[in-house]
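Notes for the structure review
Letter by letter, the chains look like this.
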Protein chains: 2
Amino acid sequence: MQYPSRLIEKAVEEFSRLPGIGSKTALRLVLHLLKKDKSQSQALSESIQELRENIRYCEKCCNISDKNICEICANPGRDTEILCVVQDVRDVMAIENTGQYRGLYHVLGGIISPIEGISPNDLNIDSLLNRVKDDAIKEIIFALSSTMEADTTAFYISKKLKDNDIKMSSIARGIPIGGELEYADEITLARSISQRMTYRTN
Amino acid sequence: MQYPSRLIEKAVEEFSRLPGIGSKTALRLVLHLLKKDKSQSQALSESIQELRENIRYCEKCCNISDKNICEICANPGRDTEILCVVQDVRDVMAIENTGQYRGLYHVLGGIISPIEGISPNDLNIDSLLNRVKDDAIKEIIFALSSTMEADTTAFYISKKLKDNDIKMSSIARGIPIGGELEYADEITLARSISQRMTYRTN
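Residues numbered from 1 in each chain as written. Chains lettered and ligands numbered in written order. Predicted model: local features only at pLDDT ≥ 70, side-chain atom pairs only at ≥ 80, totals over all residues. Heavy atoms only, no water.

Residue and element names in this part refer to chain B. Strand order in the open sheet formed by four strands is β4-β3-β5-β6, with parallel pairing between adjacent strands. This sheet does not close on itself; its edge strands, each paired only once, are β4 (103-107) and β6 (167-170). Neighbour-to-neighbour, the strand axes of this sheet turn through a mean angle of 25 degrees, independent of strand direction. Most of the contacts of helix α5 (residues 89-98) go to β4, to which it runs at about 160 degrees, and overall it touches β3 (79-86) and β4. (Pairing = 2+ DSSP bridges. Helix = DSSP H or I, 4+ residues; strand = E, 2+ residues; numbered from the N terminus. Axes fitted to C-alpha atoms, helices over the stretch in contact; angles between N-to-C directions. Contact = heavy atoms within 4.5 Å.)

Here it is as structure tokens:
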């Protein structure tokens, strides 16, 4: 594709480095910005710059934050004895949106993946181990994806923690609420049967 | 959705003002930028700012350009007697990519649309009329979309130009190359029959 201007070409190139944005979509975004008021482009440009320069990570849980300690860790109303271990910031937001969990988090920043060259040292695992010791954590909930790599990561951490006297669990796997059995895959269905829940009838 | 940081919230808000980007996609883009090198965010931010500040429109054809006169208008190898009238810059790029057209362009910047409040005065029509007079244009090709508004726009311009002795035409409408008759809509098919092309057998 030949662009009518070097500035357009450069902007299209930068936009199309973002995930899910190809050169056609990038061009559409660029032409949209040109049509709209100058202030919109300026606001977008500034927010990207500020974001990258001023963002911090919570010193305790490695969540994204404006301050040294994030709002969740600083909240005195949370249960400080339970840690929910998640892969990234989006998972924290998803769990927070349920409004059901009152403990703290620990963001790993990824999962162990030899194929992608991610080793335990690349993740926030050491800080998790220190935190378990220093902060008298009593329970850890692994809220990771249901993949081989995520299972490996949970297994690796649980091994490291086996001498500490803490309860460890993983979020339940099974048929989603509203899901129909006939459309569930075999592995999920088999697992939901083997890990069936006992009815309380008392 | 609760965001862990005001900076994230601001960036998500700005990204989701772009067409086709909702708040979930915007968050994905923002977290992607945070994961990648700082230089990438900086390059994106700068390219947006430069784009909006330094872009110009060609004084002749209203195409986007780095200079006062765009590369197409400045090219001495183009046929300066034919003008192709298009709606926007993307159409110029699409036609240029065919490599088949050697004349010049005129970018209207939109089409007449009473519903959207776009009148002839909002478009680059006056400059087109002046150009036809001043530059001794002999032929105008309307390469507009196949909509009622586009037809109205072409009709409006052709009325204004009726006293000038120039040839006017519209790009051909019909079955696309590789298109199958059974899937063509009735109007296109009917038009392709009424405007059939005579075989040259000599």
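Residues and elements named next belong to chain A. All chains considered together, the criterion is met by 14 salt bridges over all chains. For Arg78, the salt bridge goes to Glu96, with nearest N and O atoms at 2.9 Å. With a gap of 18 residues between them, Arg78 in the loop between α4 (71-74) and β3 (79-86) and Glu96 in helix α5 (residues 89-98) connect regions that are remote in the sequence. Note that Arg131 and Asp135 form a salt bridge whose closest N and O atoms lie 4.0 Å from each other. Here Arg131 falls in the buried class, since its relative accessible area comes to 6%. For Asp135, a relative accessible area of 30% puts it in the partly exposed group. A cluster of three or more residues bridged by salt bridges with shared partners is formed by Lys10, Glu14 and Arg17. (Salt bridge = Lys/Arg side-chain N within 4 Å of Asp/Glu carboxyl O. Buried < 20%, exposed > 50% of the residue type's maximum accessible area, 1.4 Å probe, protein only.)

Take the interface of chain B and chain A next. Contact with chain B, which involves 54 residues of that partner, is made by 54 residues of chain A. Scanning the region where chain B abuts chain A turns up zero salt bridges. Connecting chain B to chain A are 13 residue pairs in polar contact (both at pLDDT 80 or more). Of all the elements in the fold, those that place two or more residues in the side of chain B that touches chain A are α1 (6-15), α2 (23-35), α3 (38-54), β2 (64-65) and α5 of chain B. (Polar contact = N/O pair within 3.5 Å; in protein donor to acceptor, adjacent residues only side chain to side chain.)

Residues and elements named next belong to chain A. The four strands are arranged β4-β3-β5-β6 in an open sheet whose pairing can be described as parallel. Each having just a single partner strand, β4 (103-107) and β6 (167-170) make up the two edges of the open sheet. Across the sheet, the mean angle from the axis of one strand to that of its neighbour is 25 degrees, orientation sign disregarded. Sheet analysis places β3 next to β4, joined by five bridges and oriented parallel.

Bringing the nonpolar core into the picture now. Membership of the largest hydrophobic core comes to 44 residues, with the highest contact counts inside it found for Ile8 and Phe15 of chain A together with Ile8 and Phe15 of chain B. Those elements that place two or more of their residues in this core are α1 (6-15), α2 (23-35), α3 (38-54) and α5 of chain A together with α1, α2, α3 and α5 of chain B. Membership of the second largest hydrophobic core comes to 36 residues, among which are Val92, Ile112, Leu161 and Ile166 of chain A. (Core = buried A, V, L, I, M, F, W, Y, C linked by side-chain atoms within 4.5 Å.)

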